[in-house]
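# Geometric and topological summary
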Amino acid sequence: EAQLVESGGGLVQAGGSLRLSCAASGFTFDDNNIGWFRQAPGKEREGVSCMSLSDGGTLYADSVKGRFTISRDNAKNTVFLEMNTLEPEDTAIYYCAPCIMLLQDIEEDYDYDSWGQGTQVTVSS
């Protein structure tokens, strides 16, 4: 089965930066979309960013536009999320997973069930 393993989270103060990594196994970066989601306590999981692996096109949630950047390294089968100017509101568990771009919305691919444990990002104020 496809497996996506997140890493790189941690504790950072507001205004700081963090780089998350997503290592893929049993999953090839061909004609798929892959992105990042996050879930804060008491809230639903929300899409953060989604990338087309066919043309590299990207989509970001309004709350992170201009601050977060998604990228990939096909040779290493890895996806990254560079997070800058972090805010306490960014505190959440971050997951990588296949994603669907619906106009300006980032949606989960419900054919995918192999959600990882995620990586915790905590931003102190």
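Keep in mind it's a predicted model, so treat the numbers as computed, not measured.

## A word on unusual backbone geometry
Its identity as a non-glycine residue notwithstanding, Asn77 has a phi of 55°, on the positive side. Relative to the elements of secondary structure, Asn77 occurs in the loop between strand S7 (68-73) and strand S8 (78-83). The phi dihedral of Thr85 is positive, around 45°, even though this residue is not glycine. With respect to the helices and strands, the residue Thr85 is situated in the loop between S8 and strand S9 (92-102). Accessibility expressed as a relative area gives 46% for Thr85, which makes it partly exposed.

## Quick word on the nonpolar core
Leu20, Trp36, Phe68, Leu81, Met83 and Tyr94 are the most contacted members of the largest nonpolar core, which totals 33 residues. Of all the secondary-structure elements, those providing two or more residues to this core are strand S3 (18-25), strand S4 (33-39), strand S5 (46-52), strand S6 (58-60), S7, S8, S9 and strand S11 (119-124).

## Description of the state of the cysteines
Counted by the stated rule, this structure contains 2 disulfides. Disulfide pairing is shown between Cys22 and Cys96; the S-S distance is 2.0 Å. On the sign convention where negative means left-handed, the S-S torsion of about 70° between Cys22 and Cys96 marks this disulfide as right-handed. Placement of Cys22 in strand S3 and of Cys96 in strand S9 is noted, with a sequence separation of 74 residues between them. Overall, Cys22 belongs to the buried group, its relative accessible area being 0%. A sulfur-sulfur distance of 2.0 Å marks the disulfide that ties Cys50 to Cys99. Between Cys50 and Cys99 the sulfur-sulfur dihedral comes to about 90°; the bridge is accordingly right-handed. Remark: Cys99 occurs in strand S9 and Cys50 occurs in strand S5; sequence separation between them is 49 residues. A relative accessible area of 4% means that Cys99 is categorised as buried. Disulfide partners in the protein, listed by the sequence order of the bonded cysteines, are 1-3, 2-4.

Cut-offs used in this document
- Residues numbered from 1 in each chain as written.
- Predicted model: local features only at pLDDT ≥ 70, side-chain atom pairs only at ≥ 80, totals over all residues.
- Heavy atoms only, no water.
- Helix = DSSP H or I, 4+ residues; strand = E, 2+ residues; numbered from the N terminus.
- Buried < 20%, exposed > 50% of the residue type's maximum accessible area, 1.4 Å probe, protein only.
- Core = buried A, V, L, I, M, F, W, Y, C linked by side-chain atoms within 4.5 Å.
- Disulfide = S-S within 2.5 Å.

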